[in-house]
Amino acid sequence: MDATESEEKMNIMTAEGLAKLQEELQYRKDTEREAIKVKIKEARDMGDLSENAEYDAAKDKQAENEGRIAELEEILKHVQVVDESEINTDVVNVGSYVRLLDVELDEETEYKLVGSIEADSLSGKISNESPVGRAIFHAKVGDTVTVETEAGEFPYKILGISLEPTQKDA
């Protein structure tokens, strides 16, 4: 593997995101694995495995869990954690909270820019690889950026950059 392949596989995330993935991995390895083993044993004890739906379901659950464990381990092998104490709030970076003005709709919104693995738009976390994330990355307060999507181009103005959320839920 050459250097460019290695860089492509880097998973940028915040310390919070890393902790959540590590917690999920530990849960799946310890708690979930053991629970599935018990279900497989119980299903085996029921007799004929060829027509045992509980056994098939438990084996499917086991395969799903092991697949997710492998996926998490691969992600964690190639993780790059953003040191939030070193984030420069002069420009938008991964780990920054960004207040934006949708110029066309005259609506304000706030997002936290995170790596793609942590993205969760319902929680206000957008990926640095999303159309909005790419447009605002390294922009400064006062800049107007253009977000390019299949539906067209949309202008957003950067109103603020911080390390903490500035908008509180009502």
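Participant: What is the right way to look at the overall build of the protein chain in this model?
Facilitator: Counting its regular elements, the protein chain contains four helices and seven strands. In sequence order, the secondary structure elements of the protein chain are arranged as α-β-α-α-β-β-β-β-α-β-β. Radius of gyration (C-alpha) of the protein chain: 22 Å, far over the 15 Å computed for a compact globule of 170 residues. With respect to the three principal axes, the spread of C-alpha positions in the protein chain is 70 × 40 × 30 Å. Here the protein chain, with 170 residues, has 34% of them falling under the buried criterion. For the protein chain, contacts bridging at least 24 residues in sequence account for 54% of all contacts bridging at least 6. Looking at charge distribution, the protein chain has the averaged site of its 20 positive side-chain charges lying 6 Å from that of its 41 negative ones.

Participant: Before we go on, may I ask you to explain the pattern of salt bridges in this structure?
Facilitator: Pairing is possible between side chains of opposite charge, provided their charged atoms come close. Under the definition given, this model contains 13 salt bridges. Across the salt bridge formed by E16 and K20, the nearest N and O atoms sit 3.6 Å from each other. One end of the pair, E16, and the other, K20, are both in helix 2 (residues 15-45), four residues apart, so they sit about a helical turn from each other. A salt bridge links E66 to R33, with the nearest nitrogen and oxygen atoms 2.8 Å apart.

Participant: What is the right way to read the nonpolar core from this model?
Facilitator: Grouped burial of nonpolar side chains is what soluble globular proteins tend to show. Formed by 14 residues in total, the largest nonpolar core has its most connected members in V92, V98, L100, V132, I136, V145 and I158. Contact partners of V98, with chain neighbours within four places excluded, come to V92, T109, E110, Y111, I136, I158 and G160. By size, the runner-up hydrophobic cluster in this structure holds eight residues, among which are L18, I69, I75 and L76.

Participant: When you look at the side chain of S96 in this model, what are you seeing that I'm missing?
Facilitator: Among the secondary structure elements, S96 is positioned in the loop between strand 2 (79-82) and strand 3 (97-102). Apart from residues no more than four positions distant in its own chain, S96 is found in contact with I87, V91, Y111, K112, L113, I161 and S162.

Participant: Looking at this model, I keep getting lost on the sheet that holds strand 6 (residues 144-149). Mind explaining?
Facilitator: Backbone hydrogen bonds hold the strands of a sheet together, and the pairing may be parallel or antiparallel. In space, the five strands of this open sheet follow the order 5-4-3-7-6, with mixed pairing throughout. Each end of this open sheet is capped by a strand with a single partner; those strands are strand 5 (125-127) and strand 6. With strand direction ignored, the average angle separating the axes of adjacent strands in the sheet is 45°. Bridge analysis of strand 3 against strand 4 (residues 107-114) gives six bridges, and the strand direction is antiparallel. By the bridge assignment, V98 is partnered in strand 4 with Y111.

Participant: Any chance you could explain the pairing of strand 4 here in plain terms?
Facilitator: Each regular strand carries side chains that alternate between the two faces of the sheet. Hairpin connection, strand 3 to strand 4: the antiparallel pair is bridged by four residues, and D106 has positive phi, about 55°. Looking at chain direction, strand 4 and strand 5 are connected through three bridges and run parallel. By the bridge assignment, V114 is partnered in strand 5 with S127.

Participant: Just checking my understanding: could you explain the environment of E153 for this structure?
Facilitator: On the secondary structure map, E153 appears in strand 7 (residues 152-162). Among the residues examined, E153 registers a relative accessible area of 52% and is labelled exposed. Residues within four places of E153 in sequence aside, it is in contact with E104, T146, V147 and E148.

About the cut-offs
Residues numbered from 1 in each chain as written. Predicted model: local features only at pLDDT ≥ 70, side-chain atom pairs only at ≥ 80, totals over all residues. Heavy atoms only, no water. Helix = DSSP H or I, 4+ residues; strand = E, 2+ residues; numbered from the N terminus. Rg over C-alpha atoms; globule rule 2.2 N^0.38 Å. Buried < 20%, exposed > 50% of the residue type's maximum accessible area, 1.4 Å probe, protein only. Contact = heavy atoms within 4.5 Å. Lys, Arg positive; Asp, Glu negative; His and termini not counted. Charge placed at Lys NZ, Arg CZ, Asp CG, Glu CD. Salt bridge = Lys/Arg side-chain N within 4 Å of Asp/Glu carboxyl O. Core = buried A, V, L, I, M, F, W, Y, C linked by side-chain atoms within 4.5 Å. Pairing = 2+ DSSP bridges. Axes fitted to C-alpha atoms, helices over the stretch in contact; angles between N-to-C directions.

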